[in-house]
2 protein chains.
Amino acid sequence: MDMLWNGWGDPAKAAPLPDTATALLRDLLGVTPRPAGALALPDLRPPATTAAPAALRALADAVGGAEHVRTDAESRIRHTRGKSTPDLLRIRAGDTGDVPQAVVLPASHEDVLAVLRACAAHGLAVVPFGGGTSVVGGLAPQRRDFVALDLRRMNALLDLDPVSRTAVLQPGLRAPEAEALLAARGFTLGHFPQSFEWATVGGFAAARSSGQASAGYGRFDEMVLGLTLATPEGTLETGRAPRSAAGPDLRQLVLGSEGAFGVITSVTVRIRPLPEHRVYEGWRFASFEEGAAALRRLAQDGPPPTVLRLSDETETLVGLAQPDAIGAAAARGDTGCLAVTGYEGARRDTGPRRERAAAVLRAAGGTHLGAEPGERWARGRYSAPYLRDALLDAGAFAETLETAAFWSRVPALYDSVRTALTDTLTRAGTPPLVMCHISHVYENGASLYFTVVSARGEDPVAHWTPAKHAANEAVLAAGGTISHHHGVGTDHRDWYVREAGPLGIGALRAVKRRLDPDGLLNPGVLLPAD
Amino acid sequence: MDMLWNGWGDPAKAAPLPDTATALLRDLLGVTPRPAGALALPDLRPPATTAAPAALRALADAVGGAEHVRTDAESRIRHTRGKSTPDLLRIRAGDTGDVPQAVVLPASHEDVLAVLRACAAHGLAVVPFGGGTSVVGGLAPQRRDFVALDLRRMNALLDLDPVSRTAVLQPGLRAPEAEALLAARGFTLGHFPQSFEWATVGGFAAARSSGQASAGYGRFDEMVLGLTLATPEGTLETGRAPRSAAGPDLRQLVLGSEGAFGVITSVTVRIRPLPEHRVYEGWRFASFEEGAAALRRLAQDGPPPTVLRLSDETETLVGLAQPDAIGAAAARGDTGCLAVTGYEGARRDTGPRRERAAAVLRAAGGTHLGAEPGERWARGRYSAPYLRDALLDAGAFAETLETAAFWSRVPALYDSVRTALTDTLTRAGTPPLVMCHISHVYENGASLYFTVVSARGEDPVAHWTPAKHAANEAVLAAGGTISHHHGVGTDHRDWYVREAGPLGIGALRAVKRRLDPDGLLNPGVLLPAD
């Protein structure tokens, strides 16, 4: 199934906001319904492809037939940009400015190498395309003459080694497909980001994804044991052993390279036995500070739950309450902060682990809320992007951003990003609701994930841009990283360049020039174009 | 205190082999005592420094005074090569061919940058020098006109953040100094490689060290959260957050760079509370295969001990037995294999963890041997290099090498490296004793550490070289990595080049050219010199 072209996910799952929510948006944020005026896909008329017939023939030769090279309007529109709110607003407005000249579907590593040769010969840039779920402009290169390299035909489980507990996956496998193939053999990857239902294994690796069960299963970059990269200069194979002292870890140079160094054509991952047992629960803390201290305690001294997250007061209020109860709870000022803990594994393990973690949370001030809030979170864990569509449909603006920092910097980072967003949007006449949660914890720090909802300006992309830039500045000033798991893309690039510094960027550009001397790969994504 | 110039460690701790061991070496391996003929340090006469007076003045200016630039013979000899057996044999034979032209002692990051500028201006190469414990030729560059950059003056704890549990350490801190500074604040790093007493924090990072407690504390590269690198092109700072999706992980590009990209001038590490409690125990398994399966079980399904190691039958025999008991036990064929488990942490944690691990080991066929074998291992954990000196003094040859692989490849890797060593040395007329242990385990694989003892040939370095090369070939052919924790240096470089492949090496050379365009830094170490 194809993702909704102008929103998230399965079109059948789209649902409008309930009237109570619409009323609340109006009363709280001044959101006024907009005339629908929604364009249908056939209304969009991208310019005809500029790819020369000879180039298209070469691409068809590379991938085994003209049926795997698509230049129709729908295919090209479906491979335009990603799923950030500005991306959705642009495509809803009929803006096809970033449309690829063709969509090419290789079936193998050799096909990808051949595509890269054909593109080099015909002067076309290449944007690797997995699930199309980038929210940082990772699919909008700074050149118009590019093809989207859709990896969906490369969706096999190539190998599974139950002794070493490793699997070799092709990059176009969507996460649910990968999990189904592994589950048939009794294993799981354990990677469950919010984009789970649509995102691909290759995309997880290219963008250093982190899933909702990262406390138990680790980040995706921690699961990767080896990668094959197809580059214009040939093949790079990494990962002969789980750990090595043989030079720098080249896997960590490919992870996070966002298609700028090459196309990831296989990923060797660590797999784990399917958990026998899953349990999710809710806890209440009096404040975000108290809850964060409790999470830190578990992250540092254990035992680690598999899922561990904490909403701030505002997110708790919005998430917990029936819409009409929000005002009352806010008036009482007693919602506190909701934490969700989850335990997955063998029954003999999850029980004791849960008991010991509960003792830590209780000692840190937590109140056990039972299973319901946890189960509710688990049911809705992939639904936030659908809610965003409904908010946009209702005339509101909604977007997310995220960062991470060492624990001692987390409080100031939280304050300064919230302040930056609130001040900028308030000055622009659209005071926002800013919510935040911690969803990834480490011994030494944590992530912060912000959700912003406000009324939208006349030109909502232009309206949002200063707020996003202010948040980026706040992140850098408070010592956070410009992205904990969304990646750099084009949206974060200028701040990433400052974070990595001239020598860091210089080293990466040197690598890019070696692997992609003609600059074909994702020009302007991750690194500034030459 | 300075390390013994022609051997390991504290000269006061050197001790000859007992007569029974000498007899055993003679009977088992044909080792014949050699006439001592040992040179004293003053007997060695390195050629006078070729560094120009202007260069030495520039270096003195860079580091705050001529007293921090040494050209005397003893200083230069003490910074010649490292501590591999060939290194010891060469220096014992009076070979000062790899002597640096000067030893330079910077006190700060700025000093290091100034030294790099001075060396660039005067055409000198630079070899960063920490504890001098490399066993892979990491201190012997392929140029004669180099200075050793001894980092011992940079030995401060710069910062400690108890909330984030991070510390910023200077690179010249020896591990015991670092542990003492951290212990005064209630923390430990938990990094205890065999070189612990002499090696430095900067060296651990540069060479991707792994310590004996890696099952509990992780490898050194997993402890590093940030690095500062001084390069001829300026400063590279990495590590704003514990984890990030902002591009490739540049920390992992610096870790393992072995001084070829720059000089590590500070390391931000994860620290942990000092353990309340430490307990070590011994277990017996009927075979190496059975023991390895038990270790794998713990590594994959937990609970992980802090220390987890397993000797093969030969190493168990040599380690367990009084010398005169070896023959008897071997005749009975019933030594089995010794595993050592260690648990460090809070008392409330180590007890239950030990009980659960014991149940796993027992179910996997293990017999509990009580504390004595574990305590004995712990007492002797840093003494093997002293034993090597005694073996060399007694006329034997002794060396170690190590690798790692995914679990399913471990048995074949074990067999083929043993066979390569045994066959090569037997053909050369010196049948060896080859021992092996697993000392680092991961969910997906393990390390193998081999110790070889034999009679030595007339020219022992030339005698050993074919065996070492055969072992390297066996490692690559069986799918292992050329080094799990010793590093690449010059000894493994040609095999590393094959392991990383042309694009992997090409990418690293591109980074080196960007950071070190004149090729000053450790030329020929890690990467082939231009």
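Now for a quick tour of the structure.

Parameters and conventions
- Residues numbered from 1 in each chain as written.
- Chains lettered and ligands numbered in written order.
- Predicted model: local features only at pLDDT ≥ 70, side-chain atom pairs only at ≥ 80, totals over all residues.
- Heavy atoms only, no water.
- Helix = DSSP H or I, 4+ residues; strand = E, 2+ residues; numbered from the N terminus.
- Rg over C-alpha atoms; globule rule 2.2 N^0.38 Å.
- Buried < 20%, exposed > 50% of the residue type's maximum accessible area, 1.4 Å probe, protein only.
- Axes fitted to C-alpha atoms, helices over the stretch in contact; angles between N-to-C directions.
- Parallel < 35°, antiparallel > 145°, perpendicular 65-115°, else oblique.
- Left-handed = near helix turned anticlockwise from the far one by under 90°.
- Contact = heavy atoms within 4.5 Å.
- Least-squares fit on C-alpha atoms with pLDDT ≥ 70 in both.
- Pairing = 2+ DSSP bridges.
- Phe/Tyr/Trp six-rings, centres within 6.5 Å; stacked < 30°, edge-to-face > 60°.
- Salt bridge = Lys/Arg side-chain N within 4 Å of Asp/Glu carboxyl O.

Another point: the overall build of chain A. Across its full length, chain A holds 19 helices and 19 strands. Taken over C-alpha atoms, the radius of gyration comes to 23 Å for chain A, in line with the 24 Å a tight globule of 530 residues would show. Projected onto the principal axes, the alpha-carbon positions of chain A cover approximately 70 × 60 × 45 Å. Counting all 530 residues of chain A, 63% fall into the buried class.

Attention now moves to the packing of helix H2 (residues 53–63) of chain A against helix H5 (residues 109–122) of chain A. Residue and element names in this part refer to chain A. Two elements in contact, H2 and H5, have axes whose closest approach is 8 Å; the angle formed by their N-to-C orientations is 165 degrees. Viewed along their axes, H2 and H5 adopt a mutual orientation that is roughly antiparallel. The chirality of how H2 crosses H5 is right-handed. Along the contact surface, H2 presents Ala54, Ala55, Ala58, Leu59, Ala62 and Val63, while H5 presents Asp111, Ala114, Val115, Ala118, Cys119 and His122.

Structural alignment of chain A on chain B gives an RMSD of 0.0 Å, achieved by rotating through 180 degrees and translating 0.0 Å along the axis. Those values place the two copies in the arrangement expected of a two-fold rotation axis. Closest to the rotation axis within chain A is the C-alpha of alanine 510 of chain A, separated from it by 2.7 Å. Both copies share a contact surface, since 99% of the interface residues of chain A are interface residues in chain B too.

All names here are of chain B. Strand order in the open sheet made by the four strands is S1-S2-S4-S3, with mixed pairing throughout. Each of the sheet's edge strands pairs with one partner strand only, and the pair in question is strand S1 (69–70) and strand S3 (125–129). Here S3 runs beside strand S4 (residues 146–150); their pairing, made up of five bridges, is parallel. The residue of S4 that forms the bridge with valine 127 is alanine 148.

Moving on, we get to the packing of aromatic side chains. Scanning all chains against the criterion turns up 16 aromatic pairs over all chains. Seen in terms of ring centroids, phenylalanine 397 of chain A and tryptophan 464 of chain A are 5.0 Å apart; in terms of plane orientation they differ by 35 degrees. Their pairing is tilted. Here phenylalanine 397 of chain A, found in strand S16 (residues 396–406), pairs with tryptophan 464 of chain A, found in helix H18 (residues 460–477); they are 67 residues apart in sequence, far enough to count as distant. The residues phenylalanine 397 of chain A and tryptophan 464 of chain A share a single accessibility class, namely buried. Seen in terms of ring centroids, tyrosine 414 of chain B and phenylalanine 450 of chain B are 6.3 Å apart; in terms of plane orientation they differ by 20 degrees. Their pairing is stacked. Of this pair, tyrosine 414 of chain B sits in helix H17 (residues 410–427) while phenylalanine 450 of chain B sits in strand S19 (residues 445–455), and the two are 36 residues apart along the sequence. This pair shows no difference in class: tyrosine 414 of chain B is buried, exactly as phenylalanine 450 of chain B is.

The side chains of a regular strand alternate, first on one face of the sheet and then on the other. Residues and elements named next belong to chain A. Of all five residues in strand S4 (residues 146–150), five are buried; the element is thus mostly enclosed. Here S4 shows no split at all, with Phe146, Ala148 and Asp150 on one side and Val147 and Leu149 on the other all buried. Direction of pairing for strand S2 (residues 102–104) relative to S4: parallel, over a ladder of three bridges. Residue pairing across strands places valine 104 opposite leucine 149, the latter belonging to S4.

Summed over the entire model, instances satisfying the criterion amount to 58 salt bridges over all chains. Close ionic contact of aspartate 516 of chain A with lysine 512 of chain A constitutes a salt bridge, the shortest N to O distance being 2.7 Å. Given the relative accessible area of 2%, aspartate 516 of chain A is considered buried. With a shortest N-O distance of 3.7 Å, arginine 388 of chain B and glutamate 399 of chain B are connected by a salt bridge. Placement of the pair is arginine 388 of chain B in helix H16 (residues 384–393) and glutamate 399 of chain B in strand S16 (residues 396–406), with a sequence separation of 11 residues. Glutamate 399 of chain B matches arginine 388 of chain B in its accessibility class, with the two residues each being buried. Each of Asp2, Glu74, Arg78, Asp150 and Arg152 of chain A takes part in one network of salt bridges that share partners.

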